[in-house]
Amino acid sequence: VLGHEFGHAAFGHLELLAGHLVEDPQLSPGSTMRIRAWQRASEISADRAGLVLAGSLSAAARSLFKVASGIVSQNVAAGPERFAAQWQQLVDEVIKEGDRDFHQFSHPFPPLRMQAMRLFWDAHQDDAGSQTALRTANEAVERMLATMDPATSTGRLGDPLLSSHFFWGGLYLAVDGETLHPVQRDRLATVAPDGVDIDAAIAEAGKNPKACRERFVEAFRARRRKFNALEVHRIIYGILDVASADGSLQEHDVVRLRELTGLLGVSGQACDLVVSQYQKETRDDP
Ligand SMILES: [Zn+2]
């Protein structure tokens, strides 16, 4: 815990009085979100300092568990693996609830912090390829942090809570009567849900496109809360990003898109409006 606080000091985190800044009523919601996201990232950096100074992943896990839970018993058994595994459960739960109000939190969820420490620790031990290992770990941590940040800098495709919709919806449009363009495959790879084999999914979709539509339906049925207008908008944009990655959006793409958004309860007319908005934006901003 001391190492974590030393980390904040050593990295200069205390020079930005983030806690005070976010209380300024003049601050725009967008700026507040960015400061909160920065705070969460700085907690990850400080955790790394604490971990290095503690010299032990399990000691760091116990400390984090005690601080997060307030349980200070000597017998606390917080195994790093089990603690970190709660992160995936939490993400699954968040997806079901459709709850996305985590951008106000100043600290990442404790299981996210634990998982981030594990990834860093493994990369840190791996001397041979430590630069590559560290980069891979950092990318994974960024994706986890993005779950808590609706304004994530990874762009509109970087939304882990909607990526299943982008993936199955985009694939459904992309496989329609043509071979998949390599650029489309690359785009799909950026939104592939955890545990999905991209090439197997593409091969299956080529034989049976309806299977993609079913996966798309499954993804939104898994949620307990309905999508709001902003989320529907993002889903349509995400699908269009995949479908038009090869540089063109065909009429049959739009037909399939209307079919998918109809399943979400969106009228064809509303869908067309978003499509023309998308086309206008991508033309203006290539
Ligand atoms: Zn801290």
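Preceding this section is the structure that the text describes.
The present account deals with the structure reproduced in this document. (Residues numbered from 1 in each chain as written. Predicted model: local features only at pLDDT ≥ 70, side-chain atom pairs only at ≥ 80, totals over all residues. Heavy atoms only, no water.)

Here we come to the nonpolar core. Membership of the largest hydrophobic core comes to 36 residues, with the highest contact counts inside it found for Phe-167, Leu-171, Phe-216, Ile-235 and Leu-257. For this core, the elements supplying multiple residues, two or more each, are helix H8 (163–174), helix H9 (182–191), helix H10 (198–207), helix H11 (210–221), helix H12 (229–243), helix H13 (251–263) and helix H14 (268–284). Looking at this core element by element, the count peaks at eight residues for H12. Filtering out sequence-adjacent residues up to four positions away, Ile-235 remains in contact with Leu-162, His-165, Phe-166, Phe-216, Phe-227 and Leu-264. (Core = buried A, V, L, I, M, F, W, Y, C linked by side-chain atoms within 4.5 Å. Buried < 20%, exposed > 50% of the residue type's maximum accessible area, 1.4 Å probe, protein only. Helix = DSSP H or I, 4+ residues; strand = E, 2+ residues; numbered from the N terminus. Contact = heavy atoms within 4.5 Å.)

For the rest of this paragraph, the subject is the coordination of the zinc ion. Within the protein, the zinc ion binds to His-4 (NE2), His-8 (NE2) and Glu-43 (OE); these donor distances fall in the range 2.0 to 2.1 Å. The sequence pattern describing where the donors of the zinc ion fall on their chain is H-x3-H-x34-E. Taken together, the residues span a long stretch of sequence, with His-8 in helix H1 (residues 2–10) and Glu-43 in helix H3 (residues 29–54) at a distance of 35 residues. Note on accessibility: His-8 and Glu-43 belong to one class, buried. (Donors = N, O, S within 2.8 Å, 3.2 Å for Na, K, Ca; no water.)

Now for the packing of aromatic side chains. The full count for this structure, using the stated rule, is four aromatic pairs. A centroid spacing of 4.8 Å and a plane angle of 90° characterise the contact between Phe-167 and Trp-168, whose relative ring orientation is edge-to-face. Taking the relative accessible area as the measure of exposure, Phe-167 reaches 0% and is therefore buried. Judged by centre distance (6.2 Å) and plane angle (70°), the ring pair of Phe-216 and Phe-220 falls under edge-to-face. Of this pair, Phe-216 and Phe-220 both sit in helix H11, four residues apart, which is roughly one turn of that helix. For the pair Phe-216 and Phe-220, a shared accessibility class is recorded, and that class is buried. We note Arg-256 situated over the ring of Tyr-172; from NZ or CZ to the ring centre the distance is 4.3 Å. (Phe/Tyr/Trp six-rings, centres within 6.5 Å; stacked < 30°, edge-to-face > 60°. Lys NZ or Arg CZ within 6 Å of the ring centre and 35° of its normal.)

Attention now goes to a nonpolar patch on the surface. Residues Leu-2, Phe-6 and Leu-53 make up a contiguous nonpolar surface patch of roughly 370 Å² in combined accessible area. Relative to the helices and strands, Leu-53 resides in helix H3. For Leu-53, a relative accessible area of 58% corresponds to the exposed category. (Patch = residues over 30% accessible without salt bridge, like charges linked within 9 Å, V, L, I, M, F, W, Y side chains within 5 Å. Areas by Shrake-Rupley, 256 points an atom, 1.4 Å probe, with all protein chains shown as cover. Salt bridge = Lys/Arg side-chain N within 4 Å of Asp/Glu carboxyl O.)

As a further point, take the pattern of salt bridges. Following the criterion strictly, the structure yields six salt bridges and no others. Its salt-bridge partner being Arg-113, residue Asp-47 comes within 2.8 Å of it at the nearest N-O pair. Of this pair, Asp-47 sits in helix H3 while Arg-113 sits in helix H6 (residues 110–125); the two residues are 66 residues apart in sequence, bridging distant segments of the chain. A residue is classified by how much of its surface remains accessible, and Arg-113, at 11% relative accessible area, is buried. Note that Asp-199 and Arg-185 form a salt bridge whose closest N and O atoms lie 2.8 Å from each other. Separated by 14 residues along the polypeptide, Asp-199 in helix H10 and Arg-185 in helix H9 bring together distant segments of the chain. The class of Asp-199 is partly exposed, set by a relative accessible area of 44%.

Orientation of H6 relative to helix H7 (residues 130–146), taken along the N-to-C sense of each, is 170°, at an axis distance of 8 Å. Taken together, H6 and H7 sit at an angle that is classed as roughly antiparallel. The residues of H7 that touch H6, namely those facing Leu-112, Gln-115, Ala-116, Leu-119, Phe-120 and Ala-123, are Ser-130, Ala-133, Leu-134, Ala-137, Ala-140, Val-141, Met-144 and Leu-145. Residues of the contact of H6 with H7, tallied by class, amount to 12 nonpolar, two polar and no charged. (Axes fitted to C-alpha atoms, helices over the stretch in contact; angles between N-to-C directions. Parallel < 35°, antiparallel > 145°, perpendicular 65-115°, else oblique. Nonpolar A, V, L, I, M, F, W, Y, C, P; charged D, E, K, R; others polar.)

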